[in-house]
Every structure is written in C-alpha cells, then in structure tokens.
Amino acid sequence: MATDFVTFQRFNEQAAALALAETFKENKIEVELEDASANFDITFANNQIDKDYRVKLKPEDFEQANVLLQQQAEKDLLDIDPNYYLFDFSDDELREIIEKQDEWSSLDFLLATKILKEHGVEVNVNQIQTLKLKRIAELSMPEKSPKLLITAGYILAALGGLLAIIIGAHLRNHKKTLPNGERIFGYSASDRAHGERILIVGILGLILWAIYQFSK
C-alpha cells in the first residue's frame, strides 16, 4: 500500500516552500507541495486568512530530511550574520528553541545551542534526545476538547444540516503529524465518539430531510 505524504513544514511564502521542496528533490527525497491557503477551518480558530504552503514528505523520510537540513545549517552557521536576531535572545529564550526544536529552523536550533555553550550552558546530545522525547510526548496529548463545536454539531445534526456531517467527520477523523512523522488522532477518544454520533445523526437527518422533500 502506498505511503501517504504528510506535512513536514509549513510556510506563508511560496518561494520558501518551493526552495525547500527543490532541496529535497536534489537529494532524492520524494516531496509534494500543497497550497492549503483556501482550506476551510472547521474549528473557526482563525478569522484571518493566511497563506499556507505545505511541504509534504513520507513519514519514513522525516529523519533523512532533518539530517540533511542540519548538515546545511552547519555550513550556514560558518557565515552567520553577527546581527542575526538570535544573538539578542536571553538564555531562557534560547533554551525554549532547544525544547521546541520542531518550531524552529535547523539553523536557529544549532545557533541557539552554540550561543548557550558560549554562555557556559552545556547542551549535550543526551539532553537534546531527552527533550525531543519529552516534546513528542507533549504533542501527542489530545487537543483541548472543542465543546462549542461539539454542541453546535449536535444542534445542526438534529436539524439535518450538511455542516453537522462536516463537523462530525472532523471530530472523528482529524489527525496531526508529530515531529518524527507519526500521524495520530488530534482529539481524545471521547471527543471522537461525539464526532461519530454527530456524523451518524447528521447523515440520518439529511436522509430524512431528502425523503421529506421528495415526498412533497
């Protein structure tokens, strides 16, 4: 069975996404580029429409891609601009980059490590590995229960609305990608159960509405 491509990195500038995709292609890493800017956000979390370009890889290629980016960052580190913004960061802010490596570029991660060492704060391989595992454990936790969305789903399902089916499917099937490429469900088992019930009731409601319309 073919392996699905999942999001490795997101950009709000197309040029940056294209450049990264080209780097992967040059190094024989299969890549897909998706423009998800127009995607409808079922959670209504963002009112502002942002550009969203996604560089997608196969999960088994995540480690190779990260190694490649780290190698490139090591070269870039040799010619780093002395006015680069990370030099103004406090030690606590630099530690946060180490702890949340997945949110920063490979260059920022390596530079943060270098600056901390210059400040007398040792960051060794074992510490970095421990922080990676801790970060994955944190990101593996289910997202906060979307109570308003669940309530709206049930109300719309009772009315037989198509939107209820979309909400139910989202709650039931929504997944997120961890930094290691693993895909897991975004919501808790109980929230997914709500989604399945909303989905079923919504479908039944839509069928009953259609029958009623045709029987007029």
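The present account deals with the structure reproduced in this document. Since this is a predicted model, take the numbers as computed values, not measurements.

Focus on the pattern of salt bridges
Counting across every chain of the model gives 11 salt bridges. Residue E118 is joined to K114 by a salt bridge in which the shortest nitrogen-to-oxygen separation is 2.7 Å. With E118 and K114 both in helix 4 (residues 106-118) and four residues apart, this pair spans about one turn of that helix. The class of E118 is exposed, set by a relative accessible area of 53%. K114 gets classed as partly exposed once you look at its relative accessible area, which sits at 38%. We note a salt bridge from R172 to E196, for which the minimum N-O separation is 3.9 Å. Here R172 is found in helix 7 (residues 162-173), whereas its partner E196 is found in helix 8 (residues 189-215), with 24 residues between them in sequence. Of the residues examined, R172 reaches a relative accessible area of 31% and is grouped as partly exposed.

So, helix 4
Helix length check: helix 4 (13 residues) gives 18 Å between terminal C-alpha atoms against 18 Å at 1.5 Å per residue, within 8%. Looking one or two residues beyond helix 4, the residue adopting positive phi is G120, at roughly 85 degrees.

About the thresholds
- Residues numbered from 1 in each chain as written.
- Predicted model: local features only at pLDDT ≥ 70, side-chain atom pairs only at ≥ 80, totals over all residues.
- Heavy atoms only, no water.
- Salt bridge = Lys/Arg side-chain N within 4 Å of Asp/Glu carboxyl O.
- Helix = DSSP H or I, 4+ residues; strand = E, 2+ residues; numbered from the N terminus.
- Buried < 20%, exposed > 50% of the residue type's maximum accessible area, 1.4 Å probe, protein only.
- Expected span 1.5 Å × (residues − 1).

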